[in-house]
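This is what each chain is made of:
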Amino acid sequence: MDAEAVRTAYRRWAGIYDRIFGQVFAAGRRAAVDRINRQGGQRVLEVGVGTGLSLPQYRPDNRIVGIDLSTDMLEIARQRATELHLTNVDALLEMDAGQLAFADNSFDVVVAMYVMTVVPHPQETLAELERVCRPGGQILIINHFESTKPGPRRIVERALGRYSRDLGWRPDYPMETLLEGSSLELVGVQPVPPFGLFSFVECRKRIPVTMQANVAE
């Protein structure tokens, strides 16, 4: 996988993405946004915002910045935000998730829905998500990961893995590989529909010991 392969794949998908994947991914999007909407007044970065299907679901008192590598997908997201008068959407930017143009600790929540097995370098991307999230903030991931159990599903995932470049995502990427070496606190993992094929991974950026000491004082 590389950035140009991703752009090419989603140039093909952009016009039909909502019709084909809108409902398939709906439960995961709702789970992530519902988790974010428990609290208002937050600055949220949505990585891989795509066509902006999740944008109308956010609380209006949460400020949203969305990024995506695909110009074609972003055009649809911007049109959606304009037509629905989503005034809490601050920006929709073309950007590589592995090289975020934001300062450290810029967001209260960073959410990546169906994107971590799309980006060229998932671990480096996760490190970037952690960098721009404030200490104590949430990093939420919705994604398909390779099954941990032997069987037909894993066989199919590994067979499809040979076509990752054409598909625009890796069907055979393990969650353990993504989190390996990360300093994030893993809060929980739960399956989401359809059929538990996707996982909702909730992480928290650790508060440095020096910052904890300052708060205690």
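For the structure itself, consult the block above.
The following refers to the structure shown.

1. Quick word on unusual backbone geometry
Thought 1: Positioned with a positive phi, Asn 105 is a non-glycine residue whose angle comes to about 60°.
Thought 2: The topology assignment puts Asn 105 in the loop between strand E3 (89–94) and strand E4 (107–113).
Thought 3: If you check the backbone angles, Tyr 114 has positive phi at about 60° while not being a glycine.
Thought 4: Relative to the elements of secondary structure, Tyr 114 occurs in the loop between E4 and helix H5 (122–132).

2. Quick word on the nonpolar core
A general feature of soluble globular proteins is that nonpolar side chains tend to end up buried together.
Thought 1: Membership of the largest hydrophobic core comes to 27 residues, with the highest contact counts inside it found for Leu 45, Val 47, Phe 102, Val 110, Leu 129 and Ile 139.
Thought 2: Residue contacts for Val 47: discarding those within four places in its chain leaves Ile 67, Ala 97, Val 110, Val 111, Ala 112, Met 113, Val 115 and Leu 129.
Thought 3: Val 49, Leu 55, Leu 92 and Val 111 belong to the second largest nonpolar core, which has 26 residues in total.

3. Some thoughts on the pattern of salt bridges
If charged atoms from side chains of opposite charge come close, those side chains can pair.
Thought 1: Scanning the model with the defined rule gives 8 salt bridges in all.
Thought 2: A salt bridge links Arg 204 to Glu 185, with the nearest nitrogen and oxygen atoms 3.6 Å apart. Taken together, the residues span a long stretch of sequence, with Arg 204 in strand E7 (residues 198–204) and Glu 185 in strand E6 (residues 185–192) at a distance of 19 residues.
Thought 3: Residue class for Arg 204 comes out partly exposed when judged on its relative accessible area of 28%.
Thought 4: On the accessibility criterion, Glu 185 (29% relative accessible area) is partly exposed.
Thought 5: Several salt bridges share partner residues, and in doing so they unite Asp 104, Glu 128 and Arg 131 into one network.

Calculation notes
Residues numbered from 1 in each chain as written. Predicted model: local features only at pLDDT ≥ 70, side-chain atom pairs only at ≥ 80, totals over all residues. Heavy atoms only, no water. Helix = DSSP H or I, 4+ residues; strand = E, 2+ residues; numbered from the N terminus. Core = buried A, V, L, I, M, F, W, Y, C linked by side-chain atoms within 4.5 Å. Buried < 20%, exposed > 50% of the residue type's maximum accessible area, 1.4 Å probe, protein only. Contact = heavy atoms within 4.5 Å. Salt bridge = Lys/Arg side-chain N within 4 Å of Asp/Glu carboxyl O.

Keep in mind these values describe shape, not function.
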